[in-house]
Amino acid sequence: MIQTDEKSLITPKELGISNKDIIVKKVCGINVKKFRNMSETHIDLSDRITLISGHNGTMKSTLIGLFVQSFNSDVEDLFGADLKTKFGEIFKLSTIYDKDKYEYDLIIQDNNGLNIKVPVYTKPRSKADPSPRIVTGGNTGKDGNLIYNTNFLNLNRLYSIHTTNSKPYPLTLSEDEQNFVAKFYNIVLQKESYKKMETVSDKQIKKTFAPADSTYNYESISSGEDNLGRIANSLISFMRFSRLKKENQQCFNGIFCIDEMEVSLHPVAQKNLFDFLYKWANQYKVQIIATTHSLPLIRHSIEGENHGKEIKNYYLSTLYTDHIDVIKKPSYENIYKELTFDFNHTKKVEMPKIDILCEDELAKKFIRYMISKQDILNRINFIPFDDTNGFPFTFLTKLCNTASSFVKNTIIVFDADITESDLKKIKKRENILRLPDHSKQLPIEQLFIRYIYNKDKNDEVFLKTLKMPKAAFIKTLTDDNIYITDEDSFKIIESRHFKKWFKNNDWIVKKLFNSFAKSVNGREEFVEELVDKLNKINIRNGYPEIKF
């Protein structure tokens, strides 16, 4: 991380060079001395993504403006606009409420590895015009801005395409660029409609893409597609600059800022967009700053930072102070409480649970004991049976084939004795599991009794746990018409006898069922596959994954 303490920093004046002659490698951060309700605050920028969250009115967008205000660029985007952020696009200073002098230092690193602080401050435009303006300090009084590409997407991008004069716009994209846009939409929205596309614009606000030769065109695109089109335009603009750049290859290619990046996107698309931008930022060396109110997105970003990814999270709060408190590496639990106003400190933030449907109560018990880990058990919910004895496999099979919307977010677990031919009758098997032991294909009752029966007579199960000889255990079986002669007996004898034994010998079940479940052949594979299927549902719905 760049050292940004005062002693390690040098100013353009001390260097004796103009701001325009400084070759910016990257932006490291800012030291805010005073700007509106924010003071004495330092913020580092990530080389990839910096996410800023907080309530409305906590200066999230303004903070972005402080990072990009002091840069000019003669590089153009796809539509001919400069990759430069205009002051008025982000915020406006008031002649009444912004009379105080605001100051902050922009911290950059140049192509020689020098850490430079560039003073930025406000001052009246003139004696006749007291309206404040932002000035970038330098070597001389009229030094001006540095050169670095910036692009800020504000909420204007969300104006409905129907309220503009947007129409197809002649713009040439290379084949690689067209493939990039198609891949972008496919990854974020899982849409394949953009294999052929056209550019759409009103030459002012709207700069997007729409399908061509599809079942719909630009007049019918969703606001989410429209939003992604504006983002894609910016991405390609930076990509073109990156490819054409001939000097200073070690330098980053600019800063890309997105205000409220989650708007018009469902939680899964938000995470998909975040992950796409994370990889893209590394490939094309562009620093990304985004703001958000989205709890799923905030959680996803915080988890990424906690796992060592090049992500920095900041939360801006005014709930406890009159000034803006900038919290670095915030906890998701505290953000959740502040954004939802759920301050019940005796209650932890509940993680979303995935429904599991199985054949009967014994299957539930078997699954719980096999899992054993509370972190996993806390994330699942067994659907109750009401007053029934459970759900026969015929009902579950029919449910899998007819209730696709229900099955999409539910795990259905069959007993081990379901046949391969019955499983093949299920059309969609993505969320289907079968209990172990697959090699024996026995119901749980038979498998449990077999577990005990195959123990040697001097095993601790008989000597210490049950405190009864094996012969006495076998007597409990014959009392319920279970006569074991060989391995086939467990399949030949009617299952109703094993079920009856379970009821009559509940004390044996209580003593040994836990050790049985943990030792069953295929247990580890079952739990691993279950967690994998749970996490696929979690990812699809924007929920945090289960760590296993």
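Shown above is the structure to which this text applies.
The text that follows walks through the structure, step by step, so that each part is easy to find. What you see is a predicted model; the values in this text were computed from it and never measured.

Another aspect to go through is the pattern of salt bridges. A side chain with one charge can pair with a side chain of the opposite charge if their charged atoms come near. If you walk through the whole model with that rule in mind, you get 20 salt bridges. The residue E445 makes a salt bridge to K499 at a minimum N-O spacing of 3.2 Å. One end of the pair, E445, is in helix α13 (residues 444–453); the other, K499, is in helix α17 (residues 495–504), and 54 residues separate them in sequence. Owing to a relative accessible area of 8%, E445 belongs among the buried residues under this scheme. Judged by relative accessible area, K499 falls into the partly exposed class, the value being 39%.

This part takes up the sheet that holds strand β5 (residues 103–110). Pairing within the open sheet is antiparallel, and its 5 strands lie in the order β2-β1-β5-β6-β7. At either end of the open sheet lies a strand with only one pairing partner, and these are β2 (38–44) and β7 (132–136). On average, each strand axis in the sheet is inclined to that of its neighbour by 20°, with strand direction left out of account. Taken together, the 7 bridges between β5 and strand β6 (residues 115–124) define a ladder with antiparallel strand orientation. Within β6, the residue paired with E103 across the bridge is Y121.

Inspection of the entire model under this criterion finds 0 disulfides. We note that C251 lacks a disulfide partner, and the nearest cysteine sulfur, in C28, lies 12 Å from it.

Residues P436 and D437 are joined by a peptide bond in cis, for which omega reads 10°. Within the secondary structure, D437 is located in the loop between β20 (432–434) and α13. The phi torsion at K285 lies on the positive side, around 55°, for a residue other than glycine. Locating K285 in the fold gives a position in the loop between α5 (267–284) and β14 (287–292). Despite not being glycine, N481 has its phi angle at roughly 65°, a positive value. Tracing the chain through its elements places N481 in the loop between α15 (470–479) and α16 (489–492).

Moving on to the packing of aromatic side chains. Inspection of every chain in the model, using the stated rule, returns 27 aromatic pairs. Aromatic side chains F79 and Y169 sit 5.3 Å apart centroid to centroid with 40° between the ring planes, which places their arrangement in the tilted category. With F79 in the loop between β4 (71–72) and β5 and Y169 in the loop between β10 (167–168) and α3 (175–189), this residue pair connects regions lying 90 residues apart in the sequence. The partly exposed category is assigned to Y169, whose relative accessible area is 24%. Here the aromatic cluster, defined as three or more aromatic residues joined through ring pairs, consists of F366, Y369, F448, Y451, F462, F473, W501, F502, F513 and F516. Here K101 stacks its cationic end above the ring of Y121, 5.2 Å away from the centre of that ring. Directly above the ring of Y453 sits K470, whose terminal nitrogen or CZ lies 5.1 Å from the centroid.

Side chains of K183, K279, K309 and K547 sit close together on the surface and give a patch of like positive charge. Considering the arrangement of structural elements, one finds K279 in helix α5.

Of all 6 residues that make up strand β3 (residues 49–54), 6 are buried, and the element is covered over most of its length. What you see with β3 is no split at all: I49, L51 and S53 on one side and T50, I52 and G54 on the other are buried throughout. Pairing of β3 with strand β15 (residues 311–317) involves 6 bridges; the strand directions are parallel. By the bridge assignment for β15, I49 is matched with I311.

A few words now on the nonpolar core. Counting residues in hydrophobic clusters, the biggest one holds 51 residues, and the most contacted among them are F448 and W501. Leave out the neighbours within four places in its chain, and W501 touches F448, I449, F473, T476, L477, D480, I482, I508 and V509. V75, L83, L153 and Y185 belong to the second-largest nonpolar core, a separate cluster that totals 49 residues.

Moving on, we come to the packing of α13 against helix α18 (residues 506–519). Between α13 and α18, the shortest axis-to-axis distance is 10 Å and the interhelical angle comes to 95°. Classed by the angle they form, the pair α13 and α18 counts as roughly perpendicular. Of the residues in α18, those touching α13 at I444, L447, F448, Y451 and I452 are I508, V509, L512, F513, S515, F516 and S519. The class makeup of the residues in the contact of α13 with α18 is 10 nonpolar, 2 polar and no charged.

Right, let's talk about the sheet that holds strand β16 (residues 325–328) for a bit. Sheets are built from strands that pair by backbone hydrogen bonding, the pairs being arranged parallel or antiparallel. The 6 strands are arranged β9-β13-β14-β3-β15-β16 in an open sheet whose pairing can be described as mixed. In the strand order of this sheet, the two ends are held by β9 (150–153) and β16, each with one partner. Across this sheet, the average inter-strand angle for adjacent strands is 15°, counted without regard to direction. Sheet topology places β9 next to strand β13 (residues 255–258); 4 bridges connect them, and they run parallel. Bridged to T150 within β13 is I255. Against the sheet, helix α2 (residues 60–68) touches β3, β9, β13, β14 and β15, its axis set at about 165° to β14. Seen against the sheet, helix α7 (residues 332–340) touches β3 and β15 and runs at an angle of roughly 40° to β15.

Rules used in this analysis
- Residues numbered from 1 in each chain as written.
- Predicted model: local features only at pLDDT ≥ 70, side-chain atom pairs only at ≥ 80, totals over all residues.
- Heavy atoms only, no water.
- Salt bridge = Lys/Arg side-chain N within 4 Å of Asp/Glu carboxyl O.
- Helix = DSSP H or I, 4+ residues; strand = E, 2+ residues; numbered from the N terminus.
- Buried < 20%, exposed > 50% of the residue type's maximum accessible area, 1.4 Å probe, protein only.
- Pairing = 2+ DSSP bridges.
- Axes fitted to C-alpha atoms, helices over the stretch in contact; angles between N-to-C directions.
- Disulfide = S-S within 2.5 Å.
- Phe/Tyr/Trp six-rings, centres within 6.5 Å; stacked < 30°, edge-to-face > 60°.
- Lys NZ or Arg CZ within 6 Å of the ring centre and 35° of its normal.
- Patch = residues over 30% accessible without salt bridge, like charges linked within 9 Å, V, L, I, M, F, W, Y side chains within 5 Å.
- Areas by Shrake-Rupley, 256 points an atom, 1.4 Å probe, with all protein chains shown as cover.
- Lys, Arg positive; Asp, Glu negative; His and termini not counted.
- Charge placed at Lys NZ, Arg CZ, Asp CG, Glu CD.
- Core = buried A, V, L, I, M, F, W, Y, C linked by side-chain atoms within 4.5 Å.
- Contact = heavy atoms within 4.5 Å.
- Parallel < 35°, antiparallel > 145°, perpendicular 65-115°, else oblique.
- Nonpolar A, V, L, I, M, F, W, Y, C, P; charged D, E, K, R; others polar.

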